[in-house]
Amino acid sequence: MRKIILAPSLLGANPLTLADDIDRLKNNYDWLHLDIMDGHFVRNLSFGPEFSRALRKRYPDSFIDAHLMTDNLETVLPLFMDSASLITVHAETETHLLHATLSAIKNAGIKTGIALCPPTPLSVVENVFELADLVLVMSVTPGFGGQKFIESSLEKVRELVSIREVKKYNYTIEIDGGINESNIIRAVLSGCDAIVMGSAIFREADPASWLSGVREKIKEAMDFGTR
Ligand code: DX5
Ligand code: ZN
């Protein structure tokens, strides 16, 4: 059976008690999703390289899933190469340089990801899929947590599943934005392998047991699907 990766988005945590918020997850997560915003590619600012390094130091075995919502990749990318486990760049930024960008990430021994904003069709990046370990489908406009899920994103997920099958690619399909208890099962059954959640997790009084409940529901739905 497919393993579903749950990736809490630290943007949804309380910035003043962030380490406590991570500890409250009691290791009941697979990846830590880290949103990097530059106030230019998106209309917000968030975590920087020092934060990412501090995370690596405090949680040395964690898988840091860095989601770069920035321009100026030549400057920004190297800043995260000593701490991130996977670096995702957007299809809409420096599109013409994507082969070189993804190759640079790969050559640094880091896993590669390509993210697409809701209006961007897969055709824009289809010929760089061979360089991608992960394709991230944004299911909200990037920049802020707590937004409403854009339903048509699941169509893009299904397309990714069929392209992967036909072309024998290996990418993991990740979804990010507006995921909660009401749509997570649909996301999994549409083909998402990795699920990012910010507000849905961190608003819980006991996020660790909430995550256990979610895992249980995912398992039931997948068992039912294979029956
Ligand atoms: C939005 C970020 C997301 C955000 C998701 O630009 O990429 O990772 O934290 O937050 P929720 O799950 O609250 O939509
Ligand atoms: Zn993100």
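The following paragraphs examine the structure supplied in this document. These figures come from a predicted structure and were not determined experimentally. (Residues numbered from 1 in each chain as written. Chains lettered and ligands numbered in written order. Predicted model: local features only at pLDDT ≥ 70, side-chain atom pairs only at ≥ 80, totals over all residues. Heavy atoms only, no water.)

## Some thoughts on the pattern of salt bridges
Phase 1 of the analysis: If you walk through the whole model with that rule in mind, you get 13 salt bridges.
Phase 2 of the analysis: Here Asp30 makes a salt bridge to Lys3, at a shortest N to O gap of 2.9 Å. Of this pair, Asp30 sits in the loop between helix H1 (18-23) and strand E2 (31-37) while Lys3 sits in the segment before strand E1 (5-8), placing them 27 residues apart in sequence.
Phase 3 of the analysis: For Lys3, a relative accessible area of 54% translates into the label exposed.
Phase 4 of the analysis: Here Asp223 and Lys219 are joined by a salt bridge, their closest N and O atoms 3.2 Å apart. Note that Asp223 and Lys219 are positioned in helix H8 (residues 207-226) at a spacing of four residues, about one turn of the helix. (Salt bridge = Lys/Arg side-chain N within 4 Å of Asp/Glu carboxyl O. Helix = DSSP H or I, 4+ residues; strand = E, 2+ residues; numbered from the N terminus. Buried < 20%, exposed > 50% of the residue type's maximum accessible area, 1.4 Å probe, protein only.)

## Side note on the site of ligand 1
Phase 1 of the analysis: As a structural note, the neighbourhood of ligand 1 is formed by 20 residues, with Ser9, Asp35, Gly143, Asp176 and Ser199 the closest of them.
Phase 2 of the analysis: Taking Asp176, its side chain carries an N or O atom lying 2.8 Å from an oxygen atom of ligand 1.
Phase 3 of the analysis: Backbone polar atom of Gly198 to an oxygen atom of ligand 1: 2.8 Å apart, as the coordinates give it.
Phase 4 of the analysis: Protein contact buries 99% of the 380 Å² of open area that ligand 1 shows by itself.
Phase 5 of the analysis: If you map ligand 1 onto the pockets, it falls in the largest pocket.
Phase 6 of the analysis: Put simply, the parts of the chain that give the shell around ligand 1 at least two residues each are E2, strand E3 (63-69) and strand E8 (194-197).
Phase 7 of the analysis: In terms of residue count, E2 provides more of the shell around ligand 1 than any other element does, three residues in total.
Phase 8 of the analysis: A breakdown of the residues in the shell around ligand 1 according to their chemical character gives eight nonpolar, 10 polar and two charged. (Near = heavy atom within 4 Å. Polar contact = N/O pair within 3.5 Å; in protein donor to acceptor, adjacent residues only side chain to side chain. Areas by Shrake-Rupley, 256 points an atom, 1.4 Å probe, with all protein chains shown as cover. 1 Å grid on protein atoms, 1.4 Å probe; cavity = no way out; pocket = protein on both sides within 12 Å on 5 of 7 lines; lining within 4 Å. Sits in = over half its atoms within 2 Å of the grid points. Nonpolar A, V, L, I, M, F, W, Y, C, P; charged D, E, K, R; others polar.)

## Thoughts on the layout of surface pockets
A probe as big as a water molecule, rolled over the atoms, marks out the empty space that is left.
Phase 1 of the analysis: Estimates place the volume of the largest pocket at around 260 Å³.
Phase 2 of the analysis: Lining the largest pocket we find 23 residues, and of these Phe144, Gly145, Gly146, Asp176 and Gly177 sit closest to its centre.
Phase 3 of the analysis: Sorting the residues of the lining of the largest pocket by element identifies E2, E8 and helix H7 (199-202) as the ones contributing at least two each.
Phase 4 of the analysis: Per-class residue counts for the lining of the largest pocket are 11 nonpolar, 10 polar and two charged. (Points joined across faces, edges and corners; volume = space filled by probe spheres on them.)

## Quick notes on helix H3 (residues 73-80)
Phase 1 of the analysis: Listing the buried residues of H3 in full gives Leu73, Val76, Leu77 and Phe80. The arc that holds every buried residue of H3, seen down its axis, measures 100°, which confines them to one face. Turned more than 90 degrees away from the buried face of H3, the exposed residues are Glu74 and Thr75.
Phase 2 of the analysis: Elements that come into contact with the buried residues of H3 comprise E2, helix H2 (49-58), E3, strand E4 (86-90) and helix H4 (98-107). (Arc of directions from axis to C-beta. Contact = heavy atoms within 4.5 Å.)

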